[in-house]
Amino acid sequence: MSVPVKIRRTTVPQIRARKGKEPIVSLTSYHAHTAAIVDKYADFILVGDSLGMVMHGMESTIGVTLDLMIMHGAAVVRGTQRALVVVDMPFGSYEESPAVAFRNAARVMKETGCGAVKLEGGTRMAETIRFLTERGIPVMAHIGLTPQSSHVMGGFKTQGRDQADWAKHEADAVAVTEAGAFALVLEGMVEPLAAKISKQIEIPTIGIGASAECDGQILVLEDMLGLNPTPPKFVKVYGDLGDGIERAVKSYAQEVKSRVFPSDKNTY
Ligand code: KIV
């Protein structure tokens, strides 16, 4: 009798150890079927709060709830076997205090089975990152353009265009590293600043619109698949799923109208 081989998931220490080595591949995913495909190629999968906009048509990530993140996080964990699954903490679920952050992050870990959480913010979140990591919750940090603060930042703007701002971003990167984050997302950041931060800290930097100077890259899956009609400028689009889906739906509609029903054979 053959014993099924248990596939081991990529661990937080394995991602951490990739600093300066083979680039880390990552994509977002919010549902089981796409996650199963991404799982074959990604080192980690992020269940990002961008799901509010991508899956639920929200205007920003502000309205995303903890329950929504848990529902999609659990689906992605169920659909995958090998990638580390990281779930975003949504706006309002962690900023109030380290204790509130712990309670909510623990719920995310228990109810999804994910391996780590991600939260936005640098120096101001360092105490919370330390509180979580010391209590068994691995944290991926996220600085630069932080969409949950877009109202304060005045929109989605590339960070670091003015060199006078660099010290703040560098201090953020150092603070989250010292607090125990195992990796750091740099979003919407000019290349020389992303390069400087990546050299400065000992944890891997994961860029999104932050150049190839980072230790890895993440994209929103739907953006790179061609499902978003207006993807951000920095995104390379690798697929044409939007057109593909439209072609398929159009053929289906035409066939049904011509009474070529897919259920014609009456078998299930
Ligand atoms: O929510 C998300 O998808 C993210 C990535 C853009 C990093 O945070």
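Reading guide: rules and limits
Residues numbered from 1 in each chain as written. Predicted model: local features only at pLDDT ≥ 70, side-chain atom pairs only at ≥ 80, totals over all residues. Heavy atoms only, no water. Helix = DSSP H or I, 4+ residues; strand = E, 2+ residues; numbered from the N terminus. Rg over C-alpha atoms; globule rule 2.2 N^0.38 Å. Areas by Shrake-Rupley, 256 points an atom, 1.4 Å probe, with all protein chains shown as cover. Lys, Arg positive; Asp, Glu negative; His and termini not counted. Charge placed at Lys NZ, Arg CZ, Asp CG, Glu CD. Core = buried A, V, L, I, M, F, W, Y, C linked by side-chain atoms within 4.5 Å. Buried < 20%, exposed > 50% of the residue type's maximum accessible area, 1.4 Å probe, protein only. Contact = heavy atoms within 4.5 Å. Salt bridge = Lys/Arg side-chain N within 4 Å of Asp/Glu carboxyl O. Arc of directions from axis to C-beta.

J.: Honestly, the overall build of the chain in this entry has me stumped. Any pointers?
T.: Of regular secondary structure, the chain possesses 11 helices and eight strands. The globule rule puts the C-alpha radius of gyration for 268 residues at 18 Å, and the 20 Å found for the chain is close to it. Seen through its principal axes, the chain has C-alpha atoms that stretch 65 × 55 × 35 Å. Looking at the chain as shown, the accessible area adds up to about 14,200 Å², and 56% of this sits on carbon and sulfur atoms. The positive charge centre, built from 29 side chains, and the negative charge centre, built from 30, are 5 Å apart in the chain.

J.: What is the right way to look at the nonpolar core in this model?
T.: Across soluble globular proteins, nonpolar side chains show a tendency to be buried alongside one another. Residues Ile129, Leu184, Leu186 and Ile197 are the most contacted members of the largest nonpolar core, which totals 59 residues. The element that contributes the greatest number of residues to this core is helix H4 (residues 66-79), accounting for six residues. Not counting residues up to four positions away in its chain, the partners in contact with Ile129 are Leu119, Val139, Ala141, Val176, Ala179, Gly180 and Ala181. In this structure, Phe44, Leu46, Ala116 and Phe182 belong to the second largest nonpolar core, which totals 15 residues.

J.: When you look at the pattern of salt bridges in this model, what are you seeing that I'm missing?
T.: Once the charged atoms of two side chains with opposite charge are near each other, the side chains can pair. Applying the stated rule across the entire model yields eight salt bridges. Lys118 is the salt-bridge partner of Asp88, the closest N and O atoms lying 2.8 Å from each other. Of this pair, Asp88 sits in strand E3 (residues 84-88) while Lys118 sits in strand E4 (residues 116-120), and the two are 30 residues apart along the sequence. What makes Asp88 buried here is its relative accessible area of 2%. For the salt bridge of Glu170 with Lys196, the shortest nitrogen-to-oxygen distance reads 3.1 Å. Residue Glu170 is found in helix H8 (residues 166-179), and its partner Lys196 is found in helix H9 (residues 191-200); the two are separated by 26 residues along the sequence. If you follow the salt bridges from partner to partner, you end up with Asp67, Arg107 and Glu111 in one network.

J.: What's the story with helix H6 (residues 126-134) in this structure? I'm lost.
T.: Helical geometry note: an α-helix holds 3.6 residues per turn, so side chains three or four residues apart project in the same direction. Residues of H6 that are buried: Ala126, Thr128, Ile129 and Leu132. Looking straight down H6, one finds that the buried residues subtend no more than 160 degrees of arc, so they occupy a single side. Residues Glu127 and Glu134 are exposed on H6 and point more than 90 degrees away from its buried face. The inward-facing, buried residues of H6 contact helix H5 (98-112), E4, strand E5 (139-144) and H8.

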